[in-house]
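# Structural overview
Letter by letter, the chains look like this.
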Number of protein chains: 2
Amino acid sequence: MIKSVSIIGAGNVAHNLARMFNSAGVMIDSIYSREMRNASTLAALYNANPVDQVQEINDSSDLLLFAVRDDVLAKVASILAGSTQLMAHTSGSVDMDVFGDIIRPAVFYPLQTFSKEKKYDGPPFPVCIEAKEQNDLAKLSALGASIVGADNVYEISSPQRKTLHVAAVFACNFTNYFYGVAENILKDRNMSFDILKPLIVETVGKIDSRGPAATQTGPAARGDHKIINNHLEYLSSNTDYQRLYKLVTDLIISNT
Amino acid sequence: MIKSVSIIGAGNVAHNLARMFNSAGVMIDSIYSREMRNASTLAALYNANPVDQVQEINDSSDLLLFAVRDDVLAKVASILAGSTQLMAHTSGSVDMDVFGDIIRPAVFYPLQTFSKEKKYDGPPFPVCIEAKEQNDLAKLSALGASIVGADNVYEISSPQRKTLHVAAVFACNFTNYFYGVAENILKDRNMSFDILKPLIVETVGKIDSRGPAATQTGPAARGDHKIINNHLEYLSSNTDYQRLYKLVTDLIISNT
């Protein structure tokens, strides 16, 4: 059983997981950040030891959890490569083998978006786990269950995690960009984005009950070329938005 | 004050507005559908008269509401062009002047997505109104307020409605298509779309509190070309999705 964790990183993921682990009775031993100030801010909340050198992390913790940027993960992990403790990263897009030759590599990936500023208080989110050792998998599974419930812990391999990440880019990052496009289109004519929010919320509600394919509506789904051309003309002053409109519309038409 | 309505159309919008009008104490006089069966089904709920000829609609109702497909609106409306009653259509994408030379043209556009099968039970949605006569605008405003509250009634001109519609295509139709893309990507590897739903819900929740531009995350927002190339390679078996990924990513990068 994982009774203590040290966290390498003090960003959005580290903040939110530390809080949830603490609520579940797991001790936070030490927190690393490149900036001592950031390590201290987070460590102070749980009476943990803040450090600004990776090698000073308490490597006798039951779990060393890496919540750092993808592009520094390999380098930071290599500093602790001699440890025999369980080491898990929290990234959606990095393979477990980023840890190289260590004894007990693992992944503990919370499939949710967090911010330091706002304590996550939504419904339970999926935790995707992976480990080289079966024993460690069981431990991470129990740790995940303690924060999101057993139903939300998924054993997901590195290749599956990649699939999940590509899908999430479409379903979350790209949709968010489209909300921004809508906001800009409205702003240009002095209208508020707020007016669209009930429709956005209902659109998302529908995928939950009936799935996205069944609920596709709009000019493209109807093949309404008159409206489509009308909209393309409307967007002629912004060729980026026009290209985007055209491509997505063409794809919807060819798939319905 | 609008005390009675006849509805031309018996689809998703007609079903939901009829129910809301009825709840607000407005009488439903008659319902037209090309198919008598559809007119009867809806009319029976409110003790209204079903008709399958437009000219048989009760044209002494305080409001003749057109809830038919955009492409037949002009033709259907022309049949009642001699009436002196208030006539409003419910379309997001058709100009008020579709009514031609009639005396009291108007628009009563509910900015929400409805289905016949599922009674709408979400929060109040915006109702966008427009009318040639100031008197009629006041009447439609009161009617809108009776179903969604005065705060949700917006006076929106035809050109503004067009802007709104273009924005809604991006924020709702296109985002829904992206949910479908994500679902397909996961299905290809035997994974369920359900695993993404908490993240989708949180992404939408964030635009409400902080706005889309401030909450843009993901490989494109970070300019993480290693992950981006990785994803493009992953998508190489589906050139449609690959093109889409590339275009949206390029736009996010050039806008952040």
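Conventions used here
Residues numbered from 1 in each chain as written. Chains lettered and ligands numbered in written order. Predicted model: local features only at pLDDT ≥ 70, side-chain atom pairs only at ≥ 80, totals over all residues. Heavy atoms only, no water. Phe/Tyr/Trp six-rings, centres within 6.5 Å; stacked < 30°, edge-to-face > 60°. Least-squares fit on C-alpha atoms with pLDDT ≥ 70 in both. Buried < 20%, exposed > 50% of the residue type's maximum accessible area, 1.4 Å probe, protein only. Helix = DSSP H or I, 4+ residues; strand = E, 2+ residues; numbered from the N terminus. Arc of directions from axis to C-beta. Contact = heavy atoms within 4.5 Å. Salt bridge = Lys/Arg side-chain N within 4 Å of Asp/Glu carboxyl O. Polar contact = N/O pair within 3.5 Å; in protein donor to acceptor, adjacent residues only side chain to side chain. Nonpolar A, V, L, I, M, F, W, Y, C, P; charged D, E, K, R; others polar. Axes fitted to C-alpha atoms, helices over the stretch in contact; angles between N-to-C directions. Parallel < 35°, antiparallel > 145°, perpendicular 65-115°, else oblique. Left-handed = near helix turned anticlockwise from the far one by under 90°.

### Some points on the packing of aromatic side chains
- Scanning the entire structure with this criterion turns up 25 aromatic pairs over all chains.
- With 5.7 Å between their ring centres and 85° between their planes, Phe114(A) and Tyr120(A) make a pair best called edge-to-face.
- Aromatic rings pair up to connect Phe170(A), Phe174(A), Tyr177(A), Phe178(A), Tyr241(A), Tyr245(A), Phe170(B), Phe174(B), Tyr177(B), Phe178(B), Tyr241(B) and Tyr245(B) into one cluster.

### Quick notes on the relation of the copies chain B and chain A
- You can overlay chain B on chain A at an RMSD of 0.0 Å; the transform is a turn of 180° with a shift of 0.0 Å along its axis. Here the copies are linked by what is in effect a two-fold axis. Rotation axis and chain B: the residue whose C-alpha lies nearest the axis is Thr175(B), separated from it by 2.5 Å.

### Quick look at helix α3 (residues 70-79) of chain A
Residue and element names in this part refer to chain A.
- Considered for burial, the residues of α3 that qualify are Leu 73, Val 76 and Ala 77. The arc enclosing the buried residues of α3, seen along the axis, measures out at 100°, which places them on a common side. In α3, the exposed positions that point more than 90 degrees away from the buried face belong to Asp 71 and Lys 75.

### A look at the interface of chain B and chain A
- Every contact between the two is made by 80 residues of chain B and, on the other side, 80 residues of chain A.
- There are three salt bridges connecting chain B and chain A.
- Here Asp70(B) and Arg222(A) are joined by a salt bridge, their closest N and O atoms 4.0 Å apart.
- Joining chain B to chain A, the criterion identifies 25 residue pairs in polar contact (both at pLDDT 80 or more).
- Counting residues per element, the ones that place at least two in the side of chain B that touches chain A are α5 (158-187), α6 (197-210), α7 (219-222), α8 (225-234) and α9 (239-255) of chain B.
- Ranked by residues supplied to the side of chain B that touches chain A, first place goes to α5(B) with 25 residues.
- Partitioned by chemical class, the residues of the side of chain B that touches chain A number 47 nonpolar, 20 polar and 13 charged.

### Brief notes about the packing of helix α5 (residues 158-187) of chain A against α6(B)
- Two numbers describe how α5(A) lies on α6(B): the axes approach to 10 Å, and their chain directions differ by 15°. Taken together, the axes of α5(A) and α6(B) are roughly parallel relative to one another. Taken as a pair, α5(A) and α6(B) cross one another with a handedness that is right-handed. Where α5(A) approaches α6(B), its residues Ala168(A), Ala171(A), Cys172(A), Asn176(A) and Tyr179(A) are matched on the opposing element by Leu199(B), Ile200(B), Thr203(B), Val204(B) and Ile207(B).
- Taken together, the residues of the contact of α5(A) with α6(B) break down into eight nonpolar, two polar and no charged.

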